[in-house]
Structure formats: C-alpha cells, structure tokens
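# Summary of the model geometry
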Amino acid sequence: MEKDWKLFKKKLGSWQEAYMDKLVEEYKSILNSDALSSDKYWALRKKIYEDYKSPGVLARDVSRSNMLWILLGLLQDQAITMDDLDAFSDELKEDIEQFIK
C-alpha cells in the first residue's frame, strides 16, 4: 500500500487540474449562453458551490486512511476513471470495485 500512497499523492494534483479544466469549460458554457446576465450569474454561482464540494476540486483530509474514500469520490464525480488506476495495486483496485458494485 505504500506504493499506492506515493502514486496517489503524485497523481492527485494532475487529476484535480484536469477535472477543473473540464469544469471551467462548463462555466464558459453557462457564461456564453443566451440567458439573462442575472440567470447566468445565479447558475454559475450554484454550479461553483456544488463543484467546490467535489474531491476533484478539493480533497479534504488527504491521508493514507482516506485515500480509498477520496478515490471513490473522484470516480463518482467522474474526475477519474478506473483506467486512471492502472498503475495501482490489484488489491486497491479490488477494494474499489467492491465498493462500486
């Protein structure tokens, strides 16, 4: 599990950055819509507030004991896919698959 922890710490930042890139594109779509400015503002505010809670934006309590939960959150929010976990141990991937099922 030490190898998984080191790999997780190495990849987390790039996963979050890629996820936030996706969110920024969604925000642009809101801002570029034909809606009223006030509607765009409130839609954007709501979306940012909801996205802030995602581990793809902010992973709270990053520790070995929370790594599995953070990975599950990233998968749930589609910030990563199972393919992103290819380099991780079979044990970790099996644990994740048990929770997904």
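Relevant structure appears above.
First, a word on scope: everything that follows refers to the structure included in this document. Source: prediction; values computed, not measured.

A full pass over the atoms with the stated rule returns five salt bridges. Between Glu26 and Lys47 there is a salt bridge, with its nearest N and O atoms 2.8 Å apart. Pair noted here: Glu26 is in helix H1 (residues 2-31) and Lys47 is in helix H2 (residues 37-52), with a separation of 21 residues, a long-range link. For Glu26, a relative accessible area of 28% gives the class partly exposed. Under the relative-accessibility criterion, Lys47 is labelled partly exposed at 21%. Of the charged contacts in the structure, one is a salt bridge between Asp90 and Lys93, with a shortest N-O distance of 3.6 Å. One end of the pair is Asp90 and the other is Lys93, both in helix H4 (residues 90-100) and three residues apart, which spans about a single turn. For Lys93, a relative accessible area of 16% puts it in the buried group. Residues joined by salt bridges that share partners form a network here, namely Glu26, Lys47 and Asp51.

Calculation rules
- All residue numbers refer to positions counted from 1 along the written sequence of the respective chain.
- Given that the model is predicted, a residue must reach a pLDDT of at least 70 before its local features are reported, and side-chain atom pairs must reach 80 or more before they are shown or counted; all residues, however, enter totals for whole chains, interfaces and linings.
- The side-chain figures draw on all heavy atoms in the structure; neither hydrogens nor water molecules are used.
- Between Lys or Arg on one side and Asp or Glu on the other, a salt bridge is scored when a side-chain nitrogen of the former is within 4 Å of a carboxyl oxygen of the latter.
- Numbering goes from the N terminus for both helices and strands, where a helix is a DSSP run of H or I of at least four residues and a strand is a run of E of at least two.
- We call a residue buried when its accessible area falls under 20% of the maximum for its residue type, exposed when it is over 50%, and partly exposed in between, using a 1.4 Å probe and counting protein chains only.

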